[in-house]
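What follows is each chain in one-letter form.
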Amino acid sequence: MDYPPNKKPLHFRIGEYSTKVEFPAFEDLLAPPEGVKSLWVFDQNTAPLFSSREKASIILPPGEEAKTMESVEDILTAGIENGLARDGLFIGIGGGVVCDMTAFAASIYMRGSRVILIPTTLLAMTDASLGGKTGVDFRGYKNMAGTFFPAEELRICPDLLSSLPERDYISGLAEVIKHAFLVKSDLFEFLEREREAVLLREPQILGRMIRESIKVKGDFVERDFREQAERAFLNFGHTFGHALESVSGFAGWSHGEAVAWGMDKALKAGVLMGETDPDYARKVSAFLALYGFRLEAPGIDPEALINAMGKDKKKREGKIMFVLQKEYGKTFQSEIPRDILQKVLA
Ligand SMILES: NC(=O)c1ccc[n+]([C@@H]2O[C@H](COP(=O)([O-])OP(=O)(O)OC[C@H]3O[C@@H](n4cnc5c(N)ncnc54)[C@H](O)[C@@H]3O)[C@@H](O)[C@H]2O)c1
């Protein structure tokens, strides 16, 4: 099926900030903002995606290992060396790691300058670049230091995804699927209908999917910027998923794969608690399996998973609050009794 690409910008009001989401063609992605000094922040995998880059830029090492205070210091130093003033622009071109760090650096440069993000992974396009959470890992803790500082502009171009490794693509897809479960919209049905094209990364299909997914995330963020209530629903599948990532030693399971497994477990727990519609839970399991996600984690000790969940940083007053669903689009938070956790993880 062919979809005319809708390139109209989206606008989100996020706390006291606003974010404009543009959908430019690949050749316009690096168009320099007029009349202001800017610093372009790449990583070693995103810099080669662009043949001409004669602008002030810095190239960081790739991946989560580089998500450090040292990298942020390097961005700040490059800002000074290139003469950025307080109205200077930091422009991050990369996955969630580059986006989080560039926005963090911008948020503290001269007590807050300006930031534009050009996300290059599916996860960054539909999740990390929107909503203003910035930061770095610190002393072994993920995203331990950071700020809330939304980008003034996002530039989204699905063509960039053609070079993304399969594992990173599938990881981002899990978050898109999560958005589809959270809000009643066309996205769920679209992902069911267009599965093959989605997995083949057909550009028209990706354009539509990304736009719909951004709208879901943006809506949550507009309603609850500082995550005091509903924004936490975006953590659906994450308490289970983080535990699996940590117990499996981050080998074997990507973040998105673990989140997909976690959404299935959360719904199964909800069924045992008498809260979740069993037909909906079955439909989700079948849907995730068709997309190729693994729903079992053989060889992983359930007690180790439960212990890891106890260390989840989303604990509230000492309680582990899981994001659960009654049915499609109906989400809530609750503890899960230990015997039910043991049953779903066995
Ligand atoms: N701020 C938020 O709200 C938020 C939300 C979700 C995740 N995150 C953060 O996002 C990070 C994960 O992001 P990610 O999955 O994008 O990982 P990433 O930034 O590490 O990118 C994954 C890999 O793909 C490479 N890459 C990026 N774009 C590419 C392209 N177009 N072609 C080829 N290679 C490319 C990168 O160099 C990297 O090696 C985590 O640090 C997480 O904490 C933040």
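Every chain is numbered independently, its residues counted from 1 as its sequence is written. This being a predicted model, a pLDDT of at least 70 is required before a residue's local features are given, and a value of 80 or more before pairs of side-chain atoms are given or counted; all residues contribute to the totals for chains, interfaces and linings. Excluded from the side-chain calculations are hydrogens and water; all other atoms, namely the structure's heavy atoms, are used.

**Looking at the domain arrangement of the protein chain**
1) Next: Along its sequence, the protein chain is carved into domain 1 (10-223) and domain 2 (236-345).
2) Next: Centre-to-centre separation of domain 1 and domain 2, based on C-alpha positions: 27 Å.
3) Next: Throughout, a residue-residue contact means that at least one pair of heavy atoms, one from each residue, lies within 4.5 Å. With 22 residues of domain 1 at the interface, the matching set in domain 2 holds 25 residues.
4) Next: Both sides together, the interface formed by domain 1 and domain 2 hides about 2100 Å², and carbon and sulfur atoms give 66% of it.
5) Next: Of all residues in domain 1, Arg167, Phe181 and Phe188 bury the most surface against domain 2, accounting for 29% of the area lost on that side.
6) Next: Salt-bridge detection follows one rule: a side-chain nitrogen of Lys or Arg within 4 Å of a carboxyl oxygen of Asp or Glu. For the interface between domain 1 and domain 2, the tally reads 2 salt bridges. Marked domain ranges trace back to an automatic or database domain assignment. What gets called buried area is simply the loss in accessible area from a 1.4 Å probe that two parts show on being joined, summed for both.

**So, the pattern of salt bridges**
1) Next: Going through the model one piece at a time under the given rule, you end up with 24 salt bridges.
2) Next: Across the pair Asp264 and Lys268 runs a salt bridge, and its minimum N-O distance is 2.7 Å. Separated by 4 residues within a single helix, Asp264 and Lys268 lie in helix α9 (residues 255-272), roughly one turn from each other.
3) Next: Burial classes follow relative accessibility: with a 1.4 Å probe on protein chains only, a residue under 20% of its type's maximum area counts as buried, one over 50% as exposed, and anything between as partly exposed. With relative accessibility at 0%, the residue Asp264 sits in the buried group. Helix and strand definitions follow DSSP, with helices as H or I runs of at least four residues and strands as E runs of at least two, each counted in order from the N terminus.

**A word on the site of the ligand**
1) Next: Lining the immediate environment of the ligand, one finds 26 residues, of which Asp43, Glu64, Thr120, Thr121 and Ser163 sit closest.
2) Next: Contact between the ligand and Lys67: an oxygen atom at 2.8 Å from a side-chain N or O atom of the residue.
3) Next: At 3.0 Å from an oxygen atom of the ligand is found a side-chain nitrogen or oxygen belonging to Lys142.
4) Next: In the complex, 84% of the free accessible area of the ligand, which totals 870 Å², lies under the protein chains.
5) Next: Put simply, the parts of the chain that give the shell around the ligand at least two residues each are α2 (96-108), α3 (122-128) and β8 (141-145).
6) Next: Residue classes follow a fixed rule: Ala, Val, Leu, Ile, Met, Phe, Trp, Tyr, Cys and Pro count as nonpolar, while Asp, Glu, Lys and Arg count as charged, and any other residue, Gly among them, counts as polar. Here the shell around the ligand is composed, by residue class, of 8 nonpolar, 9 polar and 9 charged. Residues are counted as near a molecule or strand when any one of their heavy atoms sits within 4 Å of it. Within 3.5 Å is the distance limit for a polar contact, defined as a pair of N or O atoms, with the added protein rule that one can donate a hydrogen and the other accept it, and that residues adjacent in sequence qualify only through two side-chain atoms. For accessible areas, the Shrake-Rupley method is used with a probe of radius 1.4 Å. Any residue's cover is judged against the shown protein chains and nothing else.

**A few points about the sheet that holds strand β5 (residues 89-94)**
1) Next: The strand order β1-β2-β9-β6-β5-β3-β4 describes an open sheet built from 7 strands, whose pairing is mixed. Strand pairing shows two members of the sheet lacking a second neighbour, β1 (10-14) and β4 (57-60), which therefore form its edges. Averaged over neighbouring strand pairs, the angle between their axes works out to 20 degrees when direction is ignored. The rule for pairing is simple: two strands pair if DSSP sees at least two bridges between them. Only the stretch in contact is used when fitting a helix axis, every axis being a line fitted to C-alpha atoms; angles between N-to-C directions are given from 0 to 180 degrees.

**With respect to the side chain of Lys217**
1) Next: Looking at the element boundaries, Lys217 is found in helix α7 (residues 203-223).
2) Next: Lys217 sits in the buried class, given a relative accessible area of 5%.
3) Next: There is a polar contact of 3.2 Å between the side chain of Lys217 and the backbone oxygen of Leu130.

**Quick word on the packing of helix α1 (residues 69-81) against α2**
1) Next: Axis separation between α1 and α2 bottoms out at 9 Å; the angle between their running directions is 60 degrees. With respect to their mutual orientation, α1 and α2 come out oblique. For the crossing formed where α1 meets α2, the hand is right-handed. Facing Met69, Ser71, Val72, Ile75 and Leu76 of α1, the residues of α2 in contact are Met101, Thr102, Phe104, Ala105 and Ile108.
2) Next: Partitioning the contact of α1 with α2 into residue classes produces 8 nonpolar, 2 polar and no charged. Here is the rule for angles: anything less than 35 degrees is roughly parallel, anything more than 145 is roughly antiparallel, 65 through 115 is roughly perpendicular, and the remaining ranges are oblique. Less than a right angle of anticlockwise turn of the near helix away from the far helix marks a crossing as left-handed, whereas a clockwise turn marks it as right-handed.

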